[in-house]
Structure formats: structure tokens, C-alpha cells
Amino acid sequence: MKHCVRWALVALVALVMTAPAWAQEAKSFDFADGKVPEGWTVQGDVTIDKDKSQQDSGTSLRVGPGGKATYTFQEAPASGKVEIVVYEDGVSVAKPKGGHDFGALYGIGQGPGKPALVTGAIYASYLAGDTSYSLGDFTPGKAGELPSHKVSFLGLKRTEGWHKWTFTMDAEKGLTVAHNGRNLPANRFDWNKSRIEGMNQVIILGDKADGKQVVWVDTVNVTPGEPMKAKPTPPPPPPPAVPEADPEVSAADVVKLQDKVAGKHPRLLFTAEDIPALKAKAAGPGAMFWERVNAYLPACKPPEEPKFQRDATDGQRQGMWRMPTVAVHYAMTGDKQSYEKGLGYMQMLLKLENWETGGETDSGMSSANISIGAALLYDALYNDLPEDFRNKFRDKLLTMARRQYHRGHLKKAGGTHYWQNDPQNNHRWHRDAGMVLSLLAVAGECGGKENWMLGEMVKEIAYISKWLPEDGTTHEGPTYMPFGAPYLALVHDASDRNLGTNYLQMGFWKHAPLYRMHTLAPGLTSAIPYGDCGGGTGAINDYTLLATGRNNQADLQDAIMEYYKANVQRNEDGSVRHHMTFMYGWLGMLWYNPDVPQGSIDNLSKNFYFDDVGLVYARDGWKQDNVAVMFKCSPYGGYLLNHYRNTHNNSYINVAHDDPDANTFVLYADGGRVIDSDGYSLIKNTQSHNTILVNGKGQKGSNNGVWSQPLKGKDADMSKLAFITTYKDGGEVVLSEGEASNSYVGLDRYRRAVIWVSGKYLLVLDDIRGAKSPEITWLNQSREVEAVDAGKGIYRFTNKARGRDGDSSILMQVVANRQMEIVVGDSAAAAKKELMGYKQLQVTMPGDNLRVAAVYDAWNKGNVSVAMAAAEGETYKVTVKGPGFEDVWTWTAASEKEKPASFSSAGSTTFEAGAADWAVIPYPGMGRPQEK
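These numbers were taken from a predicted model, which means no experiment stands behind them.

Visitor: For this particular structure, what's the right way to read the overall build of the protein chain?
Guide: The helix and strand tally for the protein chain stands at 15 helices and 41 strands. Seen through its C-alpha atoms, the protein chain measures out along the principal axes to roughly 125 × 80 × 55 Å. A burial count over the protein chain gives 58% of its 932 residues as buried. Partitioning the contacts of the protein chain with sequence separation of at least 6, the portion at a separation of at least 24 is 69%. About 37400 Å² of surface is accessible on the protein chain, with carbon and sulfur atoms providing 50% of the total. Of the side-chain charges in the protein chain, 99 are positive and 107 negative, and the distance between the mean point of each set is 3 Å.

Next comes the structure, spelled out in C-alpha cells:
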């Protein structure tokens, strides 16, 4: 027996003596001794907290701002296991999305100068560091590295309390991470994408020295392991964004040009056969456009530095303005200097590998615009270019078109992909124009290498065309249309000319010029704003002439030319100095059609309902001293785009430039916008508009940041948020009514009727109801608002007149069936981020069966007043008096939320509107008449 014991002891000693160097002892730390354990290295604010523990009683290691604690548990990075139990206090920086930042961190390391893997408070604009956890792979202390640079977003809530993090490094399989006993899925953390080859340290990093976050460590368990056998093996790189070649296309599927343009140049927007007519136009009815071409020509020369590679504004300047100006001038004159300029541009572009750099290399706004100019130069100079150079530039155009499509449209490049998911996005139209013109310029000349792209191009054109609203509008605002429509017009014009399509005869193009005219204030030098609308009218309005010319719209073309004349700035000698609205003379030169018969702006309909975006306009004329009103009640994006979203898996649509403004209106009178909206605002706020607040809050989506976003959850179908219920055009009387209660929390009804009685007054009637009697704040704003008779609700609204002496000013009166508290306060209306300094009439009332009536003396008749009295049941009598007239309106509330209320007027104005005047919303799912 003694011999057995002796040999067992010998074997045990031998085993210990031959144990591998890595087989070190597992250790556990609970910090119960009241001091930092032996082997730990600490600096800064590191103490033992005797009052903080995961248990009812106990201690923990406290690491405050500026503190650091590390423990090395094996000599070299290897396999093993580390468990850390920490207390998260939930403290965050003031601006968690304000940039790269971090607070307290904890995790594993590989030794000095090597990457560590930590979690905790990690901040960046693309993370949610105040509410959720990420894993940061970074080298502590290394300049230029932050945990947010190489980060794995975990989607775990960062909640106050104790959390256990487990890092298990398997020698053959690599690292897994668990949170509170649950392993992170591979799609959240993939070891093969990290730089962590092993581990030998526990790392606890306190917040920055001036920070406020504290972290407590209750327990640390470490188990050393054997040397690593596996190493992180990153996945193979993805295939190149742009493949070497595109798929083959069968002969039957090859997109072919029309015979009349195949093999010929120029052909994109005009042919050699069109040149005589263009010259005749330049010498006669289109002389003003030719004058603009020649006046701008001296500025059109290749830049010394390709600033457009990183500046989209310069890309537009060079590609959409200067290069096309040279191309059109050379095509019409054969001028040698224009040829040299055009060739110089082409030589410069051929030398550049990229026409745009940065996040959207060769697939962004700038390269798209440059491609437009490059394609037009190639087309115009084609017959005079040296063959070798021409072939190289042809290949370059195809290359750039392929890069645009593969990197951009197919989302193979980085970026937010904000434009690819939305067929109405004007940024998409820019990109389409560059791609389409480039492909049509080289079609049939690349040995078949272009065939697949041509097929994809045809699909793209059909796709964006399918989702154009028939009423010719945009949901983004009237000055946004001239930013996008010219590019859409280039696409459709080139397609119709070269492929034989008929896009320019679509309803969209037939209505687009009419929409442009109605969005203009009387005088035609400013816009009636909604959405992101700047102070002017937009710079590239020539697309309206293409539409009127192709559709032979005589009255509309006369109106557009009146618009043109109203915005000419001339020198003393009568020559054009500048033109703010038709700046690109080459487009007017090509698109103005003098063969359209003479019409008259006075024949245009002065009242119109644009149903896709719930816009109603009424006016008594187009001159500066006329009066006009705009009423808007619609969801973010308009109805067709919401139908697109609803039928495409609730996909993202870009409503960034829409405002939370349902049931707003703008009134132009006495030469200016006396009841006004905000400008191109980066503050999306309902309080910036002439509508209401409910319990002090705006509409859903209000105040959500710089750009509006599509709503989610129960409001994902935004088409139900707001809609026009009634529209009736009686000529001198126009009545429109909107319902917007679904845009708010706490409302059961918000029905607003806007009644235009031409030459007399504008009447606004509101029916507002909430089950819990919400507090309603009724808003009207202008540059100045002053009480005339506050007791009777009479106020004066004043704004700057445009283009004439004096200010614009009118009186209005507001009455209600509830006690009103009225103040004149500051408006939130802003241009960009700067407040406009507007004043606002703020009328506060309880919202239980609230009725409000407001009358506006838009024609300055003097002594126009309104009174309201309850009649039988749901009916009210509203009396409007003025010099020489008295109208009594009978107003009966709607029986159902989506159906019209009833209105009739007796007196000097006779008018009726009701169930028969249910407004058309011509898209499925709205429960409305589908026929226009």
C-alpha cells in the first residue's frame, strides 16, 4: 500500500513538472477584501466600494472618470474565458448622436499596443449609444482609433442595473460573446471580422476625466487557455461593385434606336435636320434664349481643377449648364472656339478616373450631372472628333453609365440609399438623366457591350414613369419641382426621340405647367410655399416649355412666357443681365416651341384641385395686385407615393422635405403673403404653419429632426392621416374641406373648410372634436400681427410686399363657440435653422365640439365681419357682412369622418356644397370615386 501511494505521488509530481506553460490557474475576484486584489494594475479614480454589490451586501471595484483597471491572466494572448459582472448606471453624454465619443468601457485585451474588444457606452451618429450596446474593436491609447470606428451594433438595450458579459475564446473556433447568459448571434458579432486573435487581459476603462459615468465591477472570473489554433478569417471580399462585363442579351431583346436616329449624331435632344429650325428660332421667337446661350458662353471653359469631383453644385454648374451650352452653341454655329472648348472638356474628363469621389463614387449627384454634359458634347461634336479619341470617350461614357447603375441603382456602393427606394425622388431623376443620355449617346456603337444596360435603362424609365402623379405635382414643395423635373424631362425627351416612346404626353406632363403656374404668387415672381420652399421660384423652369410645346397647350405656354418675362433682369441697354427662373438658356433654346398657337394666360382656370397632394388653389388673376389662396390637406408624400409604399412591403419613401402641415393655408393679398408659411426650414414643426396644435403638440412626425421621416406602426399607412373631403369650384366661389384628425394624438375630428368668395372675403370654418376635451391652439402667422379690437377677435396681419412700395396688410376676425384666450406670440417659422421673426396669432380653446370661424378681408373692403350662432342639431349659422353684402352660411357637420359636411349660403352669395361634392382621391384604398 505504501508503494502505491509513493508511486502516485511521483506520478503527480511528474504531471505537474510536465504541464504546458499555458496551463495557468483559473481565478475569481469578488473584491471582498476591501482592497484592489494583487495582480491588478490601476490608475486614476479606482477604489473599492463597500456599499455597492450585486448581492444584498458586499463590495465592488469602482472605476470613475479618468480611472483604469487591468488584469493580465496569462503571458500571451491565447484561448480562455472571461466573465465580467458590471453595473450600468445609464449615464449618457449630452449629444449621443453628435459625433464619435465614448464613456466607461470594459472587455478583453491582448496586451499593450494591440486591439482590444470592449462594450459599454459607445457613441456615434449611426449608433444609439445612450440606449443600446455595441462592441468596439480598437487599440486603447492609439491616436486616431476610437471604439466607434470599428464597431458591432448589438441591438441590446443599455439599461441601468447589473449585467454579465462573457467572452469565450475557443482555441479552434474562436471568440463568442454572451450577455446575461445568452450568446450574441453571428449577425451581431462575427469574430472573423475582428482583430482579436486571443486574449490575456481584462480591461476596465473609466469615463473620460471630465465625464460623469461610473462603472462598478462586482465579479471577474478568468480561465486561461491553450494557444490559439484558429485565427480570424475574414470573409472573402465581395465581387467588384461593377463587374468586368454585363450579361449577354439575346438578339430579340436588344433595345434598338429608331431608324431615323440610329447611326447618326447628333440625336439625343435634336438632330442635324432640326438645326435649321433651331437657327430660325434663335433669330426670331426664341431670340431671348439664344441671347442667354451667348451671354453665358464666355464662362464655359474647362476648369483648371475638377472641383466637381467632390462638389455636386459645381457638378451641376459644369455638367448641366456649361458643357451643354458649349454643345448647343457648336451644333448651331460650327464655331471653332466652341469646338475647342468642348474638346477640352472631353479631354479633361477622359483623363479622370472618377467624375465623382467620396461615398458615392461615380454614382452620385455630381457624376450624374457631369455625365449629362459629357453625353451632349459627345453627341454634338461626334462627327468632328478624331476617331481614336471618339472611341475612347464612347467607352468612358459606357463605363460611367455602368458605374452609376451598378454602384447606385443596384446599391452596390455605400451610402444611405435614400433615393433608390423611391421612384419620385428628384435625386434619382438626376442620376437617371446622366445614365440615360450616356447610354443613348453610345447605343449601337459598343459592339453589344451596352445591350444589357440599355435593357435595364428601359426598365428604369418605365418604373419612374409609372409612379408619376397624373396631376403633375410634387409633394416636396413648389421650388423643388424645378430642381428635379428638368432631369426627368431630359430622360423622357431623349427616350421619346430615340426609342419612340410617348412619355411627354403623360398626364403628369400635361399638368406640370399648370401646377407650376398655380404655385406662383400673383405677380409670378415668388412661390406660394409649402414643404421645403425657398424664397424664389427655382432656377430651371424650362421643362414647362417642353411640356406645353409637346402637348400644344397654347394658354399654358402663354402663361409660362408671362412667367418668363416677369423674372427677367435687364441692363440699362435692355439686354438681359440675369434670369433667375430660366437660367439655362440652352434648354429654352431646345424646348421652346414657337409653333404652338398664341394663347392667353387669362384663359387659364383660376381655381384648381391637385388631388395627389391635396392642394387647392383659388385666385382672381395672375397680376401682383390680385389675390390668391392655397389650402393643403394631405399626408406626407401624397397619395400615389403612399400607395407605392403600401404595395411595396411598407418600404421607405423619402418625405424628408414634407412638413407636418395638414389643413394649413397661405393667403396672398395686397401684394404679399399676409398669411404665410415657413421657408425652407430645417425645423419640422407644426407650429410653423397656419393650422392647430393639440395639447401643445403638433402633428405626428413633427419635431422629429432635420428631415421628416415616414411614420411607422399603426400610422404606417400615412394615406389615412389627412385628406380633402370636399371640393367644389363654383367659379366665383370655391369651397374645399379637409379632414386631418388622424394627423394628431387626441383628436376625433379636425375638419377645416376654406371658402373663397372672389372679390369679397375668405372664410375658414373649423369643426374640431376630441373625446377628452383637448386644448386646441389655433394658429395664424405673418411678419407682424397686431390687435385692432382684441375683444372682438379682430387683428391686422402685415407682411413685406414683393416688388412694390409699402407693406401688404389685411384685417381678419376670428370667433368661436367656446371661450377664446388670444395672444400674439412668436412663431417657430424658420428658413434653414434661422427663425424668420414672424409673429403668430395663438387662440387657445377647449376642443369639445369646437367650432371656429375666421374671415379675412383679402380685398381690403373694410369692415368685413363674421358672427356665428348655433342652430338646430349639428348646424351653425355663420354670417359674413361687408360693404354692400351680407351672406349667411348654413354649416352642418359631416355625419361620418371621411364624408363631406354640408354648406349653403343665402344672401348676396348663393352657393351649395355637400355629399355630391366628395373630392376625388384617384388611388386605390381611399374609398373614393376613382374617375376624374
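Visitor: What exactly am I supposed to notice about the packing of aromatic side chains here?
Guide: Aromatic ring pairs are described here by two measures, namely the spacing of the ring centres and the angle between the planes. Counted under the stated rule, the structure contains 35 aromatic pairs. When the centroid spacing of 6.2 Å and the interplanar angle of 25 degrees are considered together, the rings of Phe389 and Phe393 count as stacked. You can see Phe389 and its partner Phe393 sitting in helix H7 (residues 387–409), four residues apart, about one turn around the helix. For the pair formed by Phe389 and Phe393, the shared burial category is buried. A ring pair is formed by Tyr876 and Trp891, whose centres lie 6.4 Å apart and whose planes are at 50 degrees; its orientation type is tilted. Placement of Tyr876 in strand S38 (residues 875–882) and of Trp891 in strand S39 (residues 885–892) is noted, with a sequence separation of 15 residues between them. Judged by relative accessible area, which is 13%, Tyr876 ranks as buried. An aromatic cluster is defined as three or more aromatic residues linked by ring pairs; in this entry it consists of Phe289, Tyr563, Tyr564, Phe582 and Tyr592. Positioned above the aromatic ring of Tyr382, the side-chain terminus of Arg390 is 4.4 Å from the ring centre. Directly above the aromatic system of Trp918 lies the positively charged group of Lys899, at a separation of 6.0 Å from the ring centroid.

Visitor: Sorry, what's going on with the environment of Pro303 here?
Guide: Within the fold, Pro303 resides in the loop between helix H3 (287–296) and helix H4 (312–333). The spacing of Pro303 and Ser371 is 68 residues in sequence and 16 Å in space, taken between C-alpha atoms. Not counting the four nearest positions on each side in its chain, Pro303 is found in contact with Phe308, Gln318, Tyr345 and Met348.

Visitor: Honestly, the nonpolar core in this entry has me stumped. Any pointers?
Guide: Most often, soluble globular proteins keep nonpolar side chains buried together rather than apart. In terms of nonpolar packing, the biggest core is built from 125 residues, with Leu269, Leu349, Leu490, Trp509, Met517 and Trp586 touching the most fellow members. Non-local contacts of Met517, meaning those with residues more than four positions away in its chain, are made with Leu524, Leu556, Ala559, Ile560, Tyr563, Ile601, Leu604, Arg619 and Trp622.

Visitor: Is there a simple way to think about the packing of H7 against helix H9 (residues 451–466) in this case?
Guide: For any two helices packed against each other, one specifies the crossing angle of their axes together with the interaxial distance. Interaxial distance between H7 and H9 falls to 11 Å at its minimum, and their mutual angle equals 55 degrees. One element, H7, and the other, H9, form an angle in the oblique class. Read as a crossing pair, H7 and H9 show a hand that is left-handed. Residue-level inspection shows Ala401, Arg402, Tyr405, His406 and His409 of H7 in contact with H9, the latter providing Trp452, Met453, Glu456 and Glu460. Its residues assigned to classes, the contact of H7 with H9 comprises four nonpolar, two polar and three charged.

Visitor: Before we go on, may I ask you to explain unusual backbone geometry in this structure?
Guide: Backbone phi values are negative for most residues with the exception of glycine, while trans is the configuration of most peptide bonds. With an omega of -5 degrees, the peptide bond running from His265 to Pro266 counts as cis. Within the secondary structure, Pro266 sits in the loop between strand S15 (215–224) and helix H2 (275–283). Positive phi, normally seen in glycine, also occurs at Asp362, with a value near 55 degrees. Inspection of the secondary structure assignment puts Asp362 in the loop between helix H5 (336–351) and helix H6 (365–381). For Asn849, which is not glycine, the phi dihedral falls at a positive 50 degrees. Its place among the elements puts Asn849 in the loop between strand S35 (839–846) and strand S36 (850–856). According to the relative accessible area criterion, Asn849 is partly exposed, its value standing at 45%.

Visitor: Help me understand the confidence of the model for the protein chain in this model?
Guide: Of the residues in the protein chain, 97% have a pLDDT of 70 or more, and the chain-wide mean is 94. Note on residues 1–18: pLDDT is under 50 here. Beyond four places in sequence and across chains, it has zero contacts.

Visitor: How do you make sense of the sheet that holds S38 when you look at a structure like this?
Guide: The pairing of strands in a sheet comes from backbone hydrogen bonds and takes either a parallel or an antiparallel form. Across the sheet, five strands lie side by side as S37-S38-S39-S40-S41; this open sheet has antiparallel pairing. Two strands bound the open sheet, and with one partner strand each, they are strand S37 (865–870) and strand S41 (911–913). On average, each strand axis in the sheet is tilted by 15 degrees relative to the strand beside it, whichever way the strands run.

Visitor: Even after reading the chapter, I still don't get the sheet that holds strand S28 (residues 775–782), so can you show me in this structure?
Guide: Overall, antiparallel pairing links the four strands, which are arranged S23-S28-S35-S32 in an open sheet. In this open sheet, the two edge strands, each paired with only one partner strand, are strand S23 (692–694) and strand S32 (821–826). Direction aside, the axes of adjacent strands within the sheet are offset by 25 degrees on average. In the sheet, S32 pairs with S35 via six bridges, with the strands oriented antiparallel. Along S35, the bridge assignment pairs Glu821 with Thr844.

Visitor: Before we go on, may I ask you to explain H4 in this structure?
Guide: Along an α-helix, residues three or four apart share an orientation, since each turn contains 3.6 residues. Compared with an ideal rise of 1.5 Å per residue, which puts 22 residues at 32 Å, H4 spans 30 Å between its outermost C-alpha atoms and is within 8% of the ideal. At Pro324, H4 is bent by approximately 30 degrees, the largest bend along its length. Here H4 lies mainly inside the structure; 18 of its 22 residues are buried. Backbone nitrogen of Thr313 and a side-chain oxygen of the N-cap are separated by 3.0 Å at the start of H4; the cap is Asp311. Two residues or fewer after H4 comes Gly334, characterised by a positive phi angle close to 70 degrees.

Visitor: Would you mind going over the pairing of S28 with me for this structure?
Guide: A regular strand carries its side chains on alternate faces of the sheet. S28 sits mainly inside the fold: seven of its eight residues count as buried. Both S23 and S28 contribute to a ladder of three bridges, which runs antiparallel. Counterpart to Leu693 in the pairing with S28 is Thr777. Alignment of S28 against S35, held across eight bridges, turns out to be antiparallel. Residue pairing in the sheet places Trp778 in a bridge with Val843 of S35.

Visitor: Can you walk me through helix H13 (residues 554–566) in this structure?
Guide: In a regular helix each residue adds 1.5 Å, so 13 residues correspond to 18 Å; H13 covers 18 Å between its end C-alpha atoms and thus fits that length. Considering only its buried residues, H13 is in contact with H3, helix H11 (507–518), helix H12 (543–550), strand S16 (568–570) and strand S17 (576–579).

Visitor: Got a minute to help me understand the packing of H7 against helix H8 (residues 426–442) in this structure?
Guide: In contact at an axis separation of 9 Å, H7 and H8 are set at 145 degrees when each is read in the N-to-C sense. Viewed along their axes, H7 and H8 form a crossing whose handedness is left-handed. On the side of H7, the interface is formed by Arg394, Leu397, Leu398, Ala401, Gln404, Tyr405 and His409, while H8 contributes Arg428, Arg431, Asp432, Met435, Ser438, Leu439, Ala441 and Val442. For the contact of H7 with H8, the residue count by class is eight nonpolar, three polar and four charged.

Visitor: Quick question: what am I supposed to make of the pattern of salt bridges here?
Guide: Summed over all chains, the structure comprises 44 salt bridges. Across the salt bridge formed by Asp274 and Arg497, the nearest N and O atoms sit 3.6 Å from each other. Of this pair, Asp274 sits in the loop between S15 and H2 while Arg497 is found in helix H10 (residues 481–499), placing the two residues 223 residues apart along the sequence. On the basis of relative accessible area, Asp274 is assigned to the partly exposed category, the value being 26%. Ionic contacts of the salt-bridge type, sharing partners, join the residues Arg749, Asp767, Arg769, Arg851 and Glu874 into one network.

Visitor: I keep staring at the pairing of strand S12 (residues 174–179) and nothing clicks. Help me out?
Guide: The buried count for S12 comes to five of six residues, which makes it a mostly enclosed element. For strand S11 (residues 161–170) and S12, the ladder comprises six bridges, and the chain directions are antiparallel. Paired with Asp170 across the two strands is Gly174, which belongs to S12. What sits between S11 and S12 in their antiparallel hairpin is a turn of three residues. As defined by bridge partners, S12 adjoins strand S13 (residues 182–183) across two bridges and the pair is classed as antiparallel. The partner of His179 across the bridge, within S13, is Arg182.

The rules we used
Residues numbered from 1 in each chain as written. Predicted model: local features only at pLDDT ≥ 70, side-chain atom pairs only at ≥ 80, totals over all residues. Heavy atoms only, no water. Helix = DSSP H or I, 4+ residues; strand = E, 2+ residues; numbered from the N terminus. Buried < 20%, exposed > 50% of the residue type's maximum accessible area, 1.4 Å probe, protein only. Contact = heavy atoms within 4.5 Å. Areas by Shrake-Rupley, 256 points an atom, 1.4 Å probe, with all protein chains shown as cover. Lys, Arg positive; Asp, Glu negative; His and termini not counted. Charge placed at Lys NZ, Arg CZ, Asp CG, Glu CD. Phe/Tyr/Trp six-rings, centres within 6.5 Å; stacked < 30°, edge-to-face > 60°. Lys NZ or Arg CZ within 6 Å of the ring centre and 35° of its normal. Core = buried A, V, L, I, M, F, W, Y, C linked by side-chain atoms within 4.5 Å. Axes fitted to C-alpha atoms, helices over the stretch in contact; angles between N-to-C directions. Parallel < 35°, antiparallel > 145°, perpendicular 65-115°, else oblique. Left-handed = near helix turned anticlockwise from the far one by under 90°. Nonpolar A, V, L, I, M, F, W, Y, C, P; charged D, E, K, R; others polar. pLDDT = per-residue confidence, 0-100. Pairing = 2+ DSSP bridges. Expected span 1.5 Å × (residues − 1). Bend = angle between axes of the 7 residues up to and from the residue. Polar contact = N/O pair within 3.5 Å; in protein donor to acceptor, adjacent residues only side chain to side chain. Salt bridge = Lys/Arg side-chain N within 4 Å of Asp/Glu carboxyl O.

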